[in-house]
Amino acid sequence: MKKDTKLVNAGRQAKWTKGVVNPPVFRASTVVFDSVAQMKEASVKRQQQELFYGRRGTPTTFAFADAMNEIEGGVGCYVYPCGTAAITSAILAFVKAGDHLLMVDSAYEPTRDFCTQTLSQFGVEVTFYDPMIGRDIKNLIQDNTKVVFVESPGSITMEVQDVPGICEVAHAQNPDITVILDNTWASPLHFQPFDYGVDVSVQAATKYVSGHSDIMLGTATANEKSWPVLREKSYLLGQCASPDDITLAMRGIRTLGVRLKQHEKNSLKIAKWLATRAEVETVLHPTLPSCPGHEYFKRDFVGGNGLFSFVLKKSNNQALTAFLDGMSHFKMGFSWGGFESLVLAYSGLNKARAESAFGYTTPVIRLHIGLEDIDDLIDDLERGFARLNSNL
Ligand SMILES: *Cc1c(COP(=O)(O)O)cnc(C)c1O
């Protein structure tokens, strides 16, 4: 089945839909049994997609998990109340006190903070590594390394990693190492993690999967080796998600392909326009050669989206505030992946790194290009640059 056909059909097996088009919202806490035998039978099957207790999921959860597996290519999928819960649970499933974890230096900030503030408390040693390290990650792998965490492209700074190279080297060194990928940027559609050696792939389904900025949700899909451990450890952490939110994410899946195409088309046009502007030092858009790791993007990804960054040549507080404050369409907001355009400014990213330098000291602007008309968006940015310039 081709991608777009998969998106239409994923998770719509008759056992979940009972003949209607969409799997209905199925809410439950307690499941009641009429006999001891029935209860025992359900207990034996509780790790499969059977009703046992609400926390294990209901047919709504199972349908969505099936859909994510079909699209992303895993053998199992656990659903969490947000992307951050998926990340922390996936990590906690595979480390214990005394273990070592390698974390990419361009990781999503809460992922980084979880390492420095929580994992350290539990006696898990963390080393941050340069996102462009590639196969040289070999030199950082220790006897007690249990997890290598990759995020590609990196948060805000957008470095595309050599994920297959890192997976190959890590597994060659020690087959028990779990490579966990934050695959949120690509969505389950544009990078197929299990074809490239990843063991567990995390999605903040809050972003493109849901696509409408109105729910929080996370998923982790896993390969055969990692799925049983991920499933049981996540269950023990009490992770589960509301069927009402899941059904909205399921709805998002149906239009994921067409939305991403439009986001990508709009964002590429704006990125190319930005590259011609005198105010812009560089554009960090994986689809363009100016982005570190662009060659891996071309090799491994099948598409882009609306999220990228650019670096200002010159700025100060007043000019940056003037740029941001007068926007008509680009509102300031953290969670991207909805239909609307967003802007955020970051300063001091060069200092946030532990092990690798980010080469720019001027502010970085991250844009999410929504589904608005491209002319309106360019006009908005053009007026923003005029405000910036008149305040420099
Ligand atoms: C937003 C985001 C997350 C966290 O998702 P939440 O649902 O907001 O917890 C994780 N990773 C990346 C790359 C993200 O952009």
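In the block above lies the structure referred to throughout.
Criteria and thresholds
- Residues numbered from 1 in each chain as written.
- Predicted model: local features only at pLDDT ≥ 70, side-chain atom pairs only at ≥ 80, totals over all residues.
- Heavy atoms only, no water.
- Helix = DSSP H or I, 4+ residues; strand = E, 2+ residues; numbered from the N terminus.
- Buried < 20%, exposed > 50% of the residue type's maximum accessible area, 1.4 Å probe, protein only.
- Contact = heavy atoms within 4.5 Å.
- Areas by Shrake-Rupley, 256 points an atom, 1.4 Å probe, with all protein chains shown as cover.
- Lys, Arg positive; Asp, Glu negative; His and termini not counted.
- Charge placed at Lys NZ, Arg CZ, Asp CG, Glu CD.
- Near = heavy atom within 4 Å.
- Polar contact = N/O pair within 3.5 Å; in protein donor to acceptor, adjacent residues only side chain to side chain.

The next point concerns the overall build of the chain. Summing up its helical and strand segments, the chain has 14 helices and twelve strands in all. The dimensions of the chain, computed from C-alpha atoms along their principal axes, are 75 × 50 × 35 Å. Taken across its 392 residues, the chain has 56% of its residues classed as buried. Relative to all contacts within the chain whose residues are 6 or more apart in sequence, the contacts with residues 24 or more apart total 74%. For the chain, the accessible area works out to roughly 16600 Å², and carbon and sulfur atoms hold 53% of it. Averaging the locations of the 39 positively and 43 negatively charged side chains of the chain gives two centres separated by 4 Å.

In the vicinity of the ligand, 13 residues are found, and the nearest of them are Gly83, Thr84, Asp182, Thr206 and Lys207. Gly83 places a main-chain nitrogen or oxygen 2.8 Å from an oxygen atom of the ligand. Interatomic distance of 2.5 Å between a side-chain N/O atom of Lys207 and an oxygen atom of the ligand. Notes on the ligand: free accessible area 380 Å², of which the protein chains cover 92%.

The residue Thr178 is located in strand β5 (residues 178-182) in this model. Accessibility expressed as a relative area gives 3% for Thr178, which makes it buried. Setting aside residues up to four positions removed in sequence, Thr178 forms contacts with Phe94, Lys146, Val147, Val148, Asp199, Val200 and Ser226.

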